[in-house]
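Survey of secondary and tertiary structure
What follows is the residue order along each chain.
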Amino acid sequence: MSEIIEATATPAVVSTPGPEATPAAQVSAADLVRLTQGLYFIFWGLLVTVLVAAQTVVLLWVRAFSEVFLAGGVVATLMGTWRLQQARLHALPDESTGPQWRNRVGRLRGVATLLAYFCVLFYMWRGVPDNFYLQLNAAAFVATGIVYLMMLNRTITTLAAFVGRKQMALEARLFTAANIVLLFLPFAAALAYIVLMAVLRQTSLLEEFRQLLQRISLLVAIVVLLPVSLTLALVWAAKDTLVQELVSRDQPPPRPHPAP
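Residues numbered from 1 in each chain as written. Predicted model: local features only at pLDDT ≥ 70, side-chain atom pairs only at ≥ 80, totals over all residues. Heavy atoms only, no water.

**Describing the overall build of the chain**
- What the chain contains, in helices and strands, is eight helices and two strands.
- Counting from the amino terminus, the chain carries its helices and strands in the arrangement α-β-α-α-α-α-α-α-α-β.
- Buried positions account for 37% of the 260 residues belonging to the chain.
- The contacts of the chain with a sequence gap of at least 6 include a subset with a gap of at least 24, amounting to 78%. (Helix = DSSP H or I, 4+ residues; strand = E, 2+ residues; numbered from the N terminus. Buried < 20%, exposed > 50% of the residue type's maximum accessible area, 1.4 Å probe, protein only. Contact = heavy atoms within 4.5 Å.)

**Section: the nonpolar core**
- Counting residues in each nonpolar core, the largest one holds 39 residues, and the members touching the most others are Leu35, Leu89, Tyr148, Leu152 and Ile156.
- Counting residues per element, the ones that place at least two in this core are helix H2 (29-58), helix H4 (97-127), helix H5 (132-163), helix H6 (166-201) and helix H8 (218-250).
- No other element matches the 12 residues that H5 contributes to this core.
- Not counting chain neighbours up to four residues away, the residues in contact with Leu35 comprise Leu84, Ala87, Leu89, Trp101, Leu159 and Leu242.
- Counting 15 residues, the second largest nonpolar core, distinct from the first, contains Leu70, Cys119, Leu134 and Ala138. (Core = buried A, V, L, I, M, F, W, Y, C linked by side-chain atoms within 4.5 Å.)

**Things to note about the layout of surface pockets**
- Looking at the largest pocket, its volume works out to about 1,300 Å³.
- Taken together, 41 residues form the lining of the largest pocket, with Val57, Val142, Phe187, Phe209 and Leu213 sitting closest to its centre.
- Ranked by residue count, the leading element in the lining of the largest pocket is H5, at nine residues.
- Its residues assigned to classes, the lining of the largest pocket shows 36 nonpolar, four polar and one charged. (1 Å grid on protein atoms, 1.4 Å probe; cavity = no way out; pocket = protein on both sides within 12 Å on 5 of 7 lines; lining within 4 Å. Points joined across faces, edges and corners; volume = space filled by probe spheres on them. Nonpolar A, V, L, I, M, F, W, Y, C, P; charged D, E, K, R; others polar.)

**Describing the environment of Gly38**
- The residue Gly38 is located in helix H2 in this model.
- In this view, Gly38 contacts Gly80, Arg83 and Leu84; residues no more than four positions away in its chain are not counted.

**Topic: the packing of aromatic side chains**
- Within this structure, the stated rule accounts for nine aromatic pairs.
- Between Tyr40 and Trp44, the ring centres sit 6.4 Å apart and the planes meet at 65°, which makes this aromatic pair edge-to-face. Here Tyr40 pairs with Trp44, and both are found in helix H2, just four residues apart, close to one helical turn.
- Pairing Tyr117 with Phe118 gives two aromatic rings, centres 5.2 Å apart and planes at 65°, and the pair type is edge-to-face.
- Overall, Tyr117 belongs to the partly exposed group, its relative accessible area being 44%.
- Residue classification places Phe118 among the buried residues on the basis of a relative accessible area of 15%.
- Across the ring face of Trp236, the terminal group of Lys239 is positioned such that the distance to the ring centre comes to 3.5 Å. (Phe/Tyr/Trp six-rings, centres within 6.5 Å; stacked < 30°, edge-to-face > 60°. Lys NZ or Arg CZ within 6 Å of the ring centre and 35° of its normal.)

**Re the pattern of salt bridges**
- One pass over the structure, following the stated rule, counts five salt bridges.
- Across the salt bridge formed by Glu67 and Arg126, the nearest N and O atoms sit 2.9 Å from each other. Highlighted residues: Glu67 in the loop between H2 and helix H3 (68-86) and Arg126 in helix H4, separated in sequence by 59 residues.
- For Glu67, a relative accessible area of 6% translates into the label buried.
- For Glu208, the salt bridge identified is with Arg201, shortest N-O distance 3.2 Å.
- Given a relative accessible area of 2%, Glu208 falls into the buried group. (Salt bridge = Lys/Arg side-chain N within 4 Å of Asp/Glu carboxyl O.)

**Let's talk about the packing of H2 against H5**
- The geometry of H2 relative to H5 is characterised by a closest axis approach of 12 Å and an angle of 155° between their N-to-C directions. The orientation of H2 relative to H5 falls into the category roughly antiparallel. The way H2 lies across H5 gives a crossing that is left-handed. Note on element contacts: H5 touches H2 through Phe141, Tyr148, Leu149, Leu152 and Leu159, opposite Leu35, Leu39, Ile42, Leu46, Thr49 and Ala53.
- Here the residues of the contact of H2 with H5 are counted per class, giving 10 nonpolar, one polar and no charged. (Axes fitted to C-alpha atoms, helices over the stretch in contact; angles between N-to-C directions. Parallel < 35°, antiparallel > 145°, perpendicular 65-115°, else oblique. Left-handed = near helix turned anticlockwise from the far one by under 90°.)

**So, the environment of Leu121**
- When you line up the elements, Leu121 lands in helix H4.
- Its relative accessible area of 9% is what places Leu121 among the buried residues.
- The spatial distance from the C-alpha of Leu121 to the C-alpha of Tyr133 is 9.5 Å, given a sequence separation of 12 residues.
- Among residues more than four places away in sequence, those in contact with Leu121 are Leu134 and Asn137.

Encoded structure:
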């Protein structure tokens, strides 16, 4: 009888079920920090690189002090990409997404390395703008930057799968298509036009490029730069998602409360 009284007098403790584990829970905190830092460096690096490079190309015959920041932006982009590659997401149990992450982030770092290489030649071209070899390398610098944007969106698509953000993955795919349609194809068409006009008119590529710039309206420039803005916004959103995941891990678990 006493055992029954003690059993009824002792309140039963019921644990409140916590929230369902998110896919990001399998990513370690150290990797989340590496990814956050990488995206932060990439965001600011790309922003500086695009702004300075665009100003340098538009002010073709004018040397500006801001050109010194171009190398800083490219180096920051390379460092951020290297930081992304340090995240060991390929070692996670996900057998399909892991190898995809390793391949995409590896290619992204390769493109970032090429971007740094062509940046040096871009500086050399600014010193000798009439040199045909350096003109080709300056065009390769711009083309590599466009390819980097496309590869970055594809890498974020894989990252979104790791953190369980389907909407972010969809946006990354759409922005990849936007980079191809609004950046890569117009650049290839403009380059082909410049080469063709230079051959037909027996002029230099630089002269044809200058004349093409004079015909481009502000609306066209805004449309061309739109994919860059979308990609930068996606990088910042991915960074914020990782920061939120880190903050959520610092929250104390809910305490169990006695049943009434």
